[in-house]
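Observations on the three-dimensional arrangement
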Amino acid sequence: NKGVSLSGLYIDYFGWEWIYWQSTAIMVVYIVVLFMLIPGRQIMADMLKKADVLGMILFPLGMTMLFVAFDQGERLQWFHSSFVSAFLWGGAAILVLFVLQVLKAPYPFAPLRPLADPAVALILIQICLFSVAFAGNQVLITQFLSKVHALKPWQSGQALLAMVGVQFFFIPFVIWLNRNVDFRLVVALGLFCMAGGCHQGMLITADWVAADFIPMGIFLAFGIPMMALTLLASGFAIFGGERAAGLVPYFQGIRVLMPYSIMALFTAFIRQRTD
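None of the values given here were measured: they were computed from a predicted structure.

Overall, the coordinates contain three salt bridges when judged by the stated rule. In this structure, the salt-bridge partner of Arg 271 is Glu 74, at a minimum N-O distance of 2.2 Å. Separated by 197 residues along the polypeptide, Arg 271 in helix H11 (residues 241-274) and Glu 74 in the loop between helix H4 (53-73) and helix H5 (82-104) bring together distant segments of the chain. Note that Asp 182 is salt-bridged to Arg 184, the shortest N-O span being 2.8 Å. You can call Asp 182 partly exposed: its relative accessible area is 33%. Its relative accessible area of 58% is what places Arg 184 among the exposed residues. Taken together, the shared-partner salt bridges in this structure form one network comprising Glu 74, Arg 271 and Asp 275.

See below:
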């Protein structure tokens, strides 16, 4: 939720390049922490020889192409653009090749068998539905304030900063809840909070300013971490370490691709209503 304010701050005062430089700085810290926390161990040469290298290439390549297509689709008018069409159909075709590779590989990079488990499928479906509910938070506030009140990202992002403050202090409590309370109750409570935020969004009028979105933002600030952290944590706890490792690509793919595809769909609806 701080992304809108930060990007507006960079564009208005420091230069748009800092949107990418901040990622570079964070990555340096990430690599240092990675080396500190992951214990050193010898590479298992026999496992390395059996690794599904082709699957490791096909899955991220296909997902990246779909990501680019959804990210640029609305700006380039979807199928009216040969670029978007090529990336959309090309990404889908590469993912089909990935499935064929997984089916024949003796040690697949991301096995498909766990997806047949109803518990696994249910968690993945819940994450998809969470992405749909979360898209309202990502799209509505900034799109409304920029189109109706002609506010810059730095100005419209102020409404989201209240959510950042709430979440900063609330996330440790969510972790405590996950350790001490049935995770289904935590997910249900998170969904209830998100529903309250979405209901607030239904009451919007043309007179709303940034401050009017703060109650909606508070609801979502409580609901989003309760759902997101609990679904991911419970999923990995249920599936176990070795089984979870094979599911990581699917979790990450859905986590990254679903919000962008839903946001692209919402943005297309908003454009049509505006027209």
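Back to the write-up after that little detour.
Before going further, it helps to spend a moment on the side chain of Thr 230. The topology assignment puts Thr 230 in helix H10 (residues 214-239). A polar side-chain atom of Thr 230 sits 3.2 Å from a polar atom in the side chain of Asn 178. There is a polar contact of 2.5 Å between the side chain of Thr 230 and the backbone oxygen of Met 226. Excluding anything up to four places from it in sequence, Thr 230 contacts Val 174, Asn 178, Phe 183, Val 186, Val 187, Pro 225 and Gly 235.

In this section: H4. Between its first and last C-alpha, H4 extends 30 Å over 21 residues, near the 30 Å set by a 1.5 Å rise per residue. The set of residues buried in H4 consists of Gly 55, Leu 58, Phe 59, Gly 62, Met 63, Met 65, Leu 66, Ala 69, Gln 72 and Gly 73.

The next subject is the state of the cysteines. According to the stated counting rule, one finds zero disulfides in the structure shown. Considering cysteine sulfurs only, Cys 198 is the nearest to Cys 193, which forms no disulfide, with 11 Å between them.

Criteria and cut-off values
Residues numbered from 1 in each chain as written. Predicted model: local features only at pLDDT ≥ 70, side-chain atom pairs only at ≥ 80, totals over all residues. Heavy atoms only, no water. Salt bridge = Lys/Arg side-chain N within 4 Å of Asp/Glu carboxyl O. Helix = DSSP H or I, 4+ residues; strand = E, 2+ residues; numbered from the N terminus. Buried < 20%, exposed > 50% of the residue type's maximum accessible area, 1.4 Å probe, protein only. Polar contact = N/O pair within 3.5 Å; in protein donor to acceptor, adjacent residues only side chain to side chain. Contact = heavy atoms within 4.5 Å. Expected span 1.5 Å × (residues − 1). Disulfide = S-S within 2.5 Å.

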